[in-house]
Amino acid sequence: MTDAALIGRVEPPDLHVMTYNIRRRMAHVTKHSPDLWTRRRPHLQTLLQRELPTLLGIQEGLPDQVEFVAQSLGPDYRRIGRGRNADGEGEQCTIFYDARRLTLNDWTQRALSDSPHVAGSRSWGNMLPRVVVSADLTDAATDIRFSVFNAHFDHFSRASRARSAMMLNDLVDAADVPAIVLGDMNSGVRSAPFRILTSGPLQDAWAIADERLTPAWGTFSGYRRPKQGGKRIDWLLVTESVNVEAVGINASRFRGAAASDHEPVQARLRL
């Protein structure tokens, strides 16, 4: 793959937005496994420093991995989010933002459950706690206020994914400002969660973009070669007041190796 950025730094009023499941660090893998965090870490750093999105939502980040992403992005970035467990530990759906461009007004982390404000709570059949992190931001360049939601839906329960989509729709509706939804939804674009989300206020950035920068790669490769027409389970969705100028699925490889088992989805947006 090319060494050039897919989108890279953008100038106002454009925003570069990325969603990326960076794959949690696994405790027991062989030293030759493509899943080994110490092997993947430099590739992730290279990709992030090449792209430097204005706004980044990651999924599956453990605390040390979140810290590594922060170091890779540099001192101008801030982050919000905490672990999904009751004690605030565990995997995170962290939102990173370039503080030179974006001002944080408020943020909330909710459990994807019947008790959203109870940390670590589970409902609807999900085996593990699942969360959505939301940020209320203002673009300093345009003075436009908008919301961002970053989620990781359950990998096991279809019912949980559908209920999570309903909850996310309600949150976007309640925000009543331009909104961007990022996440690993563990569902393809022919699924019930996708139909639920795109039947409300949200649109699929891939479908409505003025330009597509890449083939329609599947976003879960499992470290294999990217596959055109594969399942797109990582989504970037926007409300109608957000124009998607360009979108792409970044299938960068580094001497044949991938930084994660997922491919990041990136877009150049204008509010």
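Up top is the structure.
About the criteria used
Residues numbered from 1 in each chain as written. Predicted model: local features only at pLDDT ≥ 70, side-chain atom pairs only at ≥ 80, totals over all residues. Heavy atoms only, no water. Helix = DSSP H or I, 4+ residues; strand = E, 2+ residues; numbered from the N terminus. Expected span 1.5 Å × (residues − 1). Buried < 20%, exposed > 50% of the residue type's maximum accessible area, 1.4 Å probe, protein only. Arc of directions from axis to C-beta. Pairing = 2+ DSSP bridges. Axes fitted to C-alpha atoms, helices over the stretch in contact; angles between N-to-C directions. Contact = heavy atoms within 4.5 Å. Salt bridge = Lys/Arg side-chain N within 4 Å of Asp/Glu carboxyl O. Phe/Tyr/Trp six-rings, centres within 6.5 Å; stacked < 30°, edge-to-face > 60°. Lys NZ or Arg CZ within 6 Å of the ring centre and 35° of its normal. 1 Å grid on protein atoms, 1.4 Å probe; cavity = no way out; pocket = protein on both sides within 12 Å on 5 of 7 lines; lining within 4 Å. Points joined across faces, edges and corners; volume = space filled by probe spheres on them. Nonpolar A, V, L, I, M, F, W, Y, C, P; charged D, E, K, R; others polar.

J.: So what's going on with helix H1 (residues 37-51)? Which residues, and what values?
T.: Helix length check: H1, at 15 residues, gives a terminal C-alpha distance of 20 Å against a target of 21 Å (1.5 Å per residue), a fit within 8%. Taken together, the buried positions of H1 are occupied by Trp37, Arg40, His43, Leu44, Leu47, Leu48, Arg50 and Glu51. Within H1, the buried residues cover an arc of 155° as seen down the axis, which keeps them to one side. Looking one or two residues past H1, leucine 52 carries a phi angle of roughly 40°, positive in sign.

J.: Describe the sheet that holds strand E2 (residues 55-59), naming the residues involved and giving the relevant values.
T.: The mixed open sheet is built from six strands, whose spatial order is E3-E4-E2-E1-E12-E11. The open sheet is flanked by strand E3 (77-80) and strand E11 (243-249), the only strands paired with a single partner. For this sheet the average axis-to-axis angle between neighbouring strands, irrespective of direction, equals 20°. Bridge analysis of strand E1 (residues 14-21) against E2 gives five bridges, and the strand direction is parallel. When the sheet's bridge partners are listed, threonine 19 is paired in E2 with glycine 57. Running over the sheet, H1 touches E1, E2 and strand E12 (265-270) and is turned about 165° from E1.

J.: Which residues make up the pattern of salt bridges, and what are the values?
T.: Within this structure, the stated rule accounts for 18 salt bridges. The closest approach of N and O atoms between aspartate 98 and arginine 100, which form a salt bridge, is 2.8 Å. Taking the relative accessible area as the measure of exposure, aspartate 98 reaches 7% and is therefore buried. A salt bridge links arginine 163 to aspartate 114; the shortest N-O distance between them is 3.3 Å. Of the two residues, arginine 163 is situated in helix H3 (residues 158-175) and aspartate 114 in the loop between strand E5 (102-111) and strand E6 (131-139); the sequence distance between them amounts to 49 residues. Residues joined by salt bridges that share partners form a network here, namely Asp14, Glu245, Arg268 and Arg270.

J.: Outline the packing of aromatic side chains, supporting the account with residue identities and numerical values.
T.: All told, the structure shown has two aromatic pairs when counted by the stated rule. Measuring from centroid to centroid gives 5.1 Å for phenylalanine 194 and tryptophan 235, while their planes differ by 80°, and the two rings are edge-to-face. Pair noted here: phenylalanine 194 is in helix H4 (residues 192-198) and tryptophan 235 is in strand E10 (residues 234-239), with a separation of 41 residues, a long-range link. We note that phenylalanine 194, like tryptophan 235, is buried. In this arrangement the basic side chain of arginine 41 is found over the ring face of phenylalanine 68, its NZ or CZ atom lying 5.8 Å from the centre.

J.: Talk me through empty space enclosed by the protein; I want residue IDs and the actual numbers.
T.: Counted under the stated rule, the structure contains three cavities of 30 Å³ or more. Counted as a void, the largest cavity has a volume near 50 Å³. In terms of lining residues, the largest cavity is bounded by Glu60, Arg84, Glu91, Gln92, Cys93, Pro129, Arg130, Val131 and His152. Residue classes in the lining of the largest cavity are distributed as three nonpolar, two polar and four charged. Of the voids in this model, the second largest cavity is the one considered here, and its volume is about 40 Å³. Only helix H5 (205-208) and E10 provide two or more residues apiece to the lining of the second largest cavity. No other element matches the three residues that E10 contributes to the lining of the second largest cavity.

J.: Could you give an account of the sheet that holds E5, with specific residues and numbers?
T.: Strand order in the open sheet made by the six strands is E5-E6-E7-E8-E10-E9, with mixed pairing throughout. A single partner strand is all that each edge strand has here, and the edge strands are E5 and strand E9 (202-204). Averaged over neighbouring strand pairs, the angle between their axes works out to 20° when direction is ignored. Pairing of strand E7 (residues 144-152) with strand E8 (residues 179-184) involves six bridges; the strand directions are parallel.

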